[in-house]
2 protein chains.
Amino acid sequence: MGNTNDIKEILSVKSISNSTAPVGVFDSGVGGLTVAREIMRQLPCENIVYFGDTARVPYGSKSKNNIIRFSEQIIRFLKTKGVKAIVIACNTASALALEAVQEETDIPILGVIAPGARAAVQATENGIIGVAGTEATIQSEMYTRVIRKMDPGAVVIGKPCPLFVPLVEEGFAKHRITEEVIDIYLADMKKTDIDTMILGCTHYPLLRSRIKAYFGEKVHIVNPAYETAMDLKKVLAERGIENLSGKAASYEFYVSDAAEKFTRFANGILSYDVAATRLVNIEEY
Amino acid sequence: MGNTNDIKEILSVKSISNSTAPVGVFDSGVGGLTVAREIMRQLPCENIVYFGDTARVPYGSKSKNNIIRFSEQIIRFLKTKGVKAIVIACNTASALALEAVQEETDIPILGVIAPGARAAVQATENGIIGVAGTEATIQSEMYTRVIRKMDPGAVVIGKPCPLFVPLVEEGFAKHRITEEVIDIYLADMKKTDIDTMILGCTHYPLLRSRIKAYFGEKVHIVNPAYETAMDLKKVLAERGIENLSGKAASYEFYVSDAAEKFTRFANGILSYDVAATRLVNIEEY
């Protein structure tokens, strides 16, 4: 009995110390900031350690083996920061690596695919759902599989849009050329009966108004970031590790390359003012 | 005296064994194949080991420190293949890493910047030269420095064109949208008096006809690949390590990711038929 009580006490102490620990959020680059932004909004007390793999961005055209290896290195890095949970704020890594890394890790790891799929299944009326994403995400058919588990009758139409990421990264989000690229990639999908469209890459919410205007009012646009933050809130509550300290949250940003460029970009996306981004040699993890 | 003769003999033996050794050629991805193609054409007896860093492509938006580290890893890998010389078939790595790696290496290492600069200085009549390249290449001002050493009065107008690489990589080289992107990036340069334009990124020769049509007959387009192959020929001859075996050359291709995609792309660029591309975990070097 004494033993059991000791263990309970240790668990309870661990839980208290865990609750103020940060949440790790990672992405191939800046795109995951759209997810971090949503976590900051919905979970304003949670500390965040963000990692952007800017030395190896983009992930969307790379192979499953490498995406798993990159994700494992980043998770090892985030663990050195004592994170209590990890959000893979990258659709490609969520689609290709989440299952593999979940098996190896003792803290909760959430991806963005399941939350996005659920939001789409809830939003659709006719069960015909479009997904725009990277080459790797669409080829994995992960959205289709997860949506069909929730609604076996759903029809999922996926389309890789590989130029969207460089367009956003190079500051063309509001340029006329982006309208044309949207038309090149999505004209066929527009002709279908989809009534719901998932922005299946964390960069794409930065093109949201353009894509929304392109499809018009009849199509509901889903940004998985919103549901991902809600899921995180639920997981932290279930495990009793929400941060209830009442202190203002602190945010740390790390990248594998070009820290200043990242800081500028982050300050354009977040309402939080990013003072500095630190550089990490992620290959050493 | 005996000693000197011994050394001479050793050098001579080394030189014979070196002469059939392959030339290492590397790039961030597929772009360097435009240089490899030119080496195959001009030096048909030279064996080639090609490495494309497809796990970390593109280099053009990344920092000097990382580009040097990536280049050092690749050179260590190529040395395990017994290469007798290395061609950095990537403008970004040539601009940012060539000087650093030349200091550390005992075999000849050539970049593409000096050959491209020399070709432009020879071609220009009015001394006003344009350079299109990646963000990193243009910011380094390496072309400007090298051209000014050859012709102190030359005027060099650089322009970063970051979308050109993803447009080529995603198969849009012949698409109408590429014409528009060329106009967005190069309209200001077209208004200047340049009579010579350097394609300062190994992907850009794949847009050559479009860029040539955009500038018209008055502008001479320089592809540094041609002069780079000529330089390689000269260096091998000077050191007495040309391959004079008379055997048909053999070519090996290695990448850090997505070998099959690379093979397909390579077969679209090279007249040589690439049977297989092998995968290397370059971070281990």
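Within any chain, residue numbers begin from 1 and follow the written order of that chain's sequence. Whichever chain is written first becomes A and whichever ligand is written first becomes 1, with later ones labelled in order. The predicted nature of this model means local features are confined to residues of pLDDT at least 70 and side-chain atom pairs, given and counted, to a pLDDT of 80 or more, with totals for whole chains, interfaces and linings taken over all residues.

The way it works is that DSSP assigns letters per residue, a run of H or I at least four long becomes a helix, a run of E at least two long becomes a strand, and they are numbered from the N terminus. When you go through chain A residue by residue, the secondary structure sums to 12 helices and 10 strands. Based on C-alpha atoms, the radius of gyration is set beside the globule rule, defined as 2.2 Å times the residue count to the power 0.38. What you see for chain A is a C-alpha radius of gyration of 19 Å, in line with the 19 Å of a compact globule of 285 residues. Taken over the C-alpha atoms alone, chain A extends approximately 70 × 45 × 35 Å along its principal axes. Exposure in this text rests on C-beta crowding, where 20 or more other C-beta atoms within 10 Å of a residue's own make it buried, 12 or fewer make it exposed, and counts in between make it partly exposed. The C-beta atoms are placed from the backbone. When each of the 285 residues of chain A is scored for burial, the buried share is 49%. What counts as a contact here is a pair of residues whose C-beta atoms, placed from the backbone, lie within 7 Å. The long-range fraction of contacts in chain A, counting pairs at least 24 apart against all pairs at least 6 apart in sequence, stands at 77%.

Residues and elements named next belong to chain B. By the convention used here, strands pair only if DSSP detects at least 2 bridges between them. With parallel pairing, the 6 strands of this open sheet are ordered in space as β4-β3-β1-β2-β9-β10. Looking along the sheet, the strands with just one partner apiece sit at the ends: β4 (109-110) and β10 (278-279). Here strand β2 (residues 48-52) pairs with strand β9 (residues 251-255) via 5 bridges, running parallel. In the strand pairing of β9, V49 is matched with E252. Axis lines are fitted through C-alpha atoms, for helices just across the contact stretch, and the angle between N-to-C directions can take any value from 0 to 180 degrees. Across the face of the sheet, helix α11 (residues 224-238) comes into contact with β1 (23-27), β3 (85-88) and β4 while running at roughly 165 degrees to β3. Where helix α12 (residues 259-269) meets the sheet, its contacts fall on β2, β9 and β10, and the angle it forms with β9 comes to roughly 135 degrees.

Let's shift gears to the relation of the copies chain B and chain A. Residues reaching a pLDDT of at least 70 in both copies supply the C-alpha atoms on which the copies are superposed by least squares. Between chain B and chain A, the superposition needs a rotation of 180 degrees and an axial shift of 0.0 Å, giving an RMSD of 0.0 Å. The transformation relating the two chain copies, once decomposed into turn and shift, fits a two-fold axis. When C-alpha positions in chain B are compared against the rotation axis, the closest is assigned to R56 of chain B, at 2.3 Å. Taken as a fraction of all interface residues of chain B, those also at the interface in chain A reach 100%, which identifies the copy contact as same-surface.

What follows is about the pairing of β2 of chain B. All names here are of chain B. Counting buried residues in β2 gives 5 out of 5 residues, a clear majority hidden from the surface. Burial along β2 is two-sided: I48, Y50 and G52 and V49 and F51, pointing in opposite directions, are all buried. By the bridge criterion, 5 bridges tie β1 to β2 in an arrangement that is parallel. Residue pairing for β2: F26 is matched across the bridge by F51.

The interface of chain B with chain A comprises 16 residues on the first partner and 16 residues on the second. It is helix α9 (residues 176-190) of chain B that contributes the most residues to the side of chain B that touches chain A, 4 residues altogether. Any residue outside Ala, Val, Leu, Ile, Met, Phe, Trp, Tyr, Cys, Pro, Asp, Glu, Lys and Arg is labelled polar, Gly included; the first ten of those are nonpolar and the last four are charged. Grouping the constituent residues of the side of chain B that touches chain A by class yields 8 nonpolar, 2 polar and 6 charged.

Among the residues making up helix α5 (residues 113-123) of chain A, those that are buried are I113, A114, P115, G116, A117, A119 and A120 of chain A. As for α5 of chain A, its buried residues are in contact with α4 (91-104), β5 (128-133), α7 (142-150), β7 (196-200), β8 (220-222) and α11 (224-238) of chain A.

A separate point is the packing of helix α3 (residues 64-80) of chain A against α4 of chain A. Residue and element names in this part refer to chain A. At their nearest, the axes of α3 and α4 sit 9 Å apart, and the two run at 70 degrees to each other. Classified by the angle between their axes, α3 and α4 sit roughly perpendicular to one another. The hand of the α3/α4 crossing is right-handed. Residues K64, I67, I68, S71, E72 and I75 of α3 lie in contact with α4, whose contacting residues are T92, A93, L96, A97, A100 and V101. Looking at the contact of α3 with α4, its residues break down into 8 nonpolar, 2 polar and 2 charged. Just so you know how the angles are binned, under 35 degrees is roughly parallel, over 145 roughly antiparallel, 65 to 115 roughly perpendicular, and the rest oblique. A crossing counts as left-handed when the near helix is turned anticlockwise from the far one by less than a right angle, and as right-handed when that turn is clockwise.

Residues and elements named next belong to chain B. Counting buried residues along strand β5 (residues 128-133), 5 of its 6 residues qualify, which places the element largely inside the surrounding structure. Looking at chain direction, β5 and strand β6 (residues 155-160) are connected through 6 bridges and run parallel. For I128, the partnering residue across the bridge sits in β6 and is V155. Here 5 bridges tie β5 to strand β7 (residues 196-200), and the two strands are oriented parallel to one another. When the bridges of β7 are listed, G130 appears paired with M197.

How large an interface is tends to be reported as the accessible area lost when its parts come together. Residues and elements named next belong to chain A. Per the annotation, domain bounds derive from an automatic or database assignment of domains. Parsing chain A into structural domains produces domain 1 (2-111 + 227-284) and domain 2 (114-224). Those elements that place two or more of their residues in the side of domain 1 that touches domain 2 are α2 (33-42), α4 and α11. Residue contributions to the side of domain 1 that touches domain 2 peak at 4 residues, all from α4. Of the residues assigned to the side of domain 1 that touches domain 2, the class counts are 8 nonpolar, 9 polar and 4 charged.

The next thing to look at is the sheet that holds β8 of chain A. Residues and elements named next belong to chain A. One open sheet accounts for 4 strands, arranged β6-β5-β7-β8; its pairing is parallel. With one partner strand each, in any of the chains shown, β6 (155-160) and β8 form the two edges of the open sheet. On average, each strand axis in the sheet is inclined to that of its neighbour by 20 degrees, with strand direction left out of account. Of the strand pairs in this sheet, β7 and β8 are connected by 3 bridges, and their pairing is parallel. Residue pairing across strands places T196 opposite H220, the latter belonging to β8.

Here we take up the confidence of the model for chain A. A score between 0 and 100, pLDDT records how confident the predictor is in each residue. For chain A, per-residue confidence averages 93 on the pLDDT scale, and residues scoring 70 or more make up 94% of the total. Scoring the predicted complex yields pTM 0.88 and, for the interface, ipTM 0.83.

A separate point is the packing of α5 of chain A against α7 of chain A. Residues and elements named next belong to chain A. Two elements in contact, α5 and α7, have axes separated by 9 Å at closest approach and are oriented at 55 degrees. The orientation of α5 relative to α7 falls into the category oblique. Regarding α5 and α7, the two cross each other, and that crossing is right-handed. From α5, I113, A114, A117, R118, A120 and V121 reach across to α7, where they touch M142, Y143, V146, I147 and M150. Split into classes, the residues belonging to the contact of α5 with α7 amount to 10 nonpolar, no polar and 1 charged.

The next thing to look at is the environment of E38 of chain B. All names here are of chain B. Here E38 is to be found in helix α2 (residues 33-42). For E38, a count of 22 C-beta atoms within 10 Å translates into the label buried. Note: C-alpha distance between E38 and M230 (192 residues apart in sequence) is 9.1 Å.

What follows deals with the environment of L78 of chain B. All names here are of chain B. Summarising the element assignment, L78 is placed in helix α3 (residues 64-80). Residue class for L78 comes out buried when judged on the 24 C-beta atoms lying within 10 Å of it. Once the C-alpha coordinates of L78 and R210 are considered, the two residues, 132 residues apart in sequence, prove to be 34 Å apart.

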